[in-house]
Amino acid sequence: MQLRKSAALAAIAVIALTATACGGKEGSAGDKPAGTKPGASEAPALPTYTVATGVDLDSPAFKEAKSRGKLIIGAKADQPFLGFEDQSTKVRSGFDIEIAKMIAADLGFSDKQIEWKTVDSGIRETAISKGQVDYFVGTYTINDKRKQLVGFAGPYYKAGADLLVRYDESAITGTDSLKGKKVCSIVGSTPLQEIKKPEYGASVVELAKYSDCVQQLLTNQVDAVTTDDSILKGYAAQNPKKLKVIGKPFTEEPYGVGLNKDDKVLRDAINDSLEKHIQDGTYKKIYDATLGLSGSEYTAPPAIERY
């Protein structure tokens, strides 16, 4: 396998990400979140990725992708600054999208050689195991149950259930200050079941989409929204003067790149790419230009798991 390092970051201006949320699954703060929330003119630049040449992997998915001349990558499409598709331009953007593109370049595929496939949470294992996607990047938590069905590279991000509140909120500082507060999450979600526990003392509001929860937060109908912090950071980045993430996760959700369970060669190649770019700073540049716009401080991801 040959993997070549990404080129030095190009001094390009990042496009202001102002996508409107249309739902989704899915920091640090006291009176206000840590870090500065930059305006569009101050937004950090996204990195560019050098496409590796001469890559040859003894991987079924890789060989098929080379034969067809493109990678098919599964992703989310409704998570602002994380995995989002603009419905008018069909352009994908966000943290997970950039991670997927970074990996693709190390495998020898340019942006133009990527076919994006929107995969809903409920069919991820099916799409991966049936070869409908070569790999999947989209707030996909690694756990033992899923490992029985698919393989994982990573983790590339350590998520956790957190709280999104209005920017001027001072009464809510974490889960220990939710008694009597209205907290919104979506029907059937893991964060919803967690926040319903009597120990939190919250009044829970159940809606169909996180974007609906965020709208109720902005209009003072609820006091907080809960789900994975990565998703909340996306909404905070979308409205940096109105929203902030508390930054005290109360669950652990390590995100991985999903791929065929038996394709160890491709898994190792993706792990190599993640490990290299975490070390060379490319990963942090991606974070700063996407989820970092929420004002939440960067935290290095966990050590890559090799199995």
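Residues numbered from 1 in each chain as written. Predicted model: local features only at pLDDT ≥ 70, side-chain atom pairs only at ≥ 80, totals over all residues. Heavy atoms only, no water.

Draft legend 1. Layout of the overall build of the protein chain. Assigned secondary structure in the protein chain consists of nine helices and 13 strands. Split into buried and exposed, the 307 residues of the protein chain put 53% on the buried side. When the accessible area of the protein chain is evaluated, it comes to approximately 13300 Å², of which 49% is carbon and sulfur surface. (Helix = DSSP H or I, 4+ residues; strand = E, 2+ residues; numbered from the N terminus. Buried < 20%, exposed > 50% of the residue type's maximum accessible area, 1.4 Å probe, protein only. Areas by Shrake-Rupley, 256 points an atom, 1.4 Å probe, with all protein chains shown as cover.)

Draft legend 2. Layout of the packing of aromatic side chains. Counted by the stated rule, this structure contains 12 aromatic pairs. For the pair F95 and Y287, a centre-to-centre distance of 6.3 Å together with 85° between the ring planes defines the contact as edge-to-face. Taken together, the positions of F95 in helix α2 (residues 95–106) and Y287 in helix α9 (residues 282–289) put the pair 192 residues apart, joining distant regions of the chain. Summarising the burial analysis for this pair, F95 and Y287 share the class buried. Within the aromatic cluster, the residues linked to one another by ring pairs are F95, Y156, Y157, Y255, Y283, Y287 and Y298. Here R267 stacks its cationic end above the ring of Y307, 4.2 Å away from the centre of that ring. (Phe/Tyr/Trp six-rings, centres within 6.5 Å; stacked < 30°, edge-to-face > 60°. Lys NZ or Arg CZ within 6 Å of the ring centre and 35° of its normal.)

Draft legend 3. Region of the structure containing the packing of α2 against helix α8 (residues 264–279). Where α2 contacts α8, the axes come no closer than 9 Å and their chain directions differ by 115°. One finds that α2 runs roughly perpendicular with respect to α8. The way α2 lies across α8 gives a crossing that is right-handed. From α2, I99, M102, I103 and D106 reach across to α8, where they touch I270, S273, L274, K276 and H277. Residues that form the contact of α2 with α8 fall into these classes: five nonpolar, two polar and two charged. (Axes fitted to C-alpha atoms, helices over the stretch in contact; angles between N-to-C directions. Parallel < 35°, antiparallel > 145°, perpendicular 65-115°, else oblique. Left-handed = near helix turned anticlockwise from the far one by under 90°. Contact = heavy atoms within 4.5 Å. Nonpolar A, V, L, I, M, F, W, Y, C, P; charged D, E, K, R; others polar.)

Draft legend 4. Quick look at the sheet that holds strand β3 (residues 83–85). Judged by pairing direction, the sheet is antiparallel, and its three strands sit side by side in the order β2-β3-β4 without closing on themselves. For this open sheet the edge positions go to β2 (78–79) and β4 (92–93), each flanked by a neighbour on one side alone. Two strands pair when backbone bridges link them, and β2 and β3 are joined in this way by two bridges, in the antiparallel orientation. Bridge pairing in β3 links D78 to F84. (Pairing = 2+ DSSP bridges.)

Draft legend 5. Representation of the pattern of salt bridges in the model. A full pass over the atoms with the stated rule returns 17 salt bridges. The partner of E85 in a salt bridge is R92, with the nearest N and O atoms 3.7 Å apart. By relative accessible area, E85 is classed as buried at 14%. In this structure, the salt-bridge partner of K276 is D106, at a minimum N-O distance of 3.4 Å. (Salt bridge = Lys/Arg side-chain N within 4 Å of Asp/Glu carboxyl O.)

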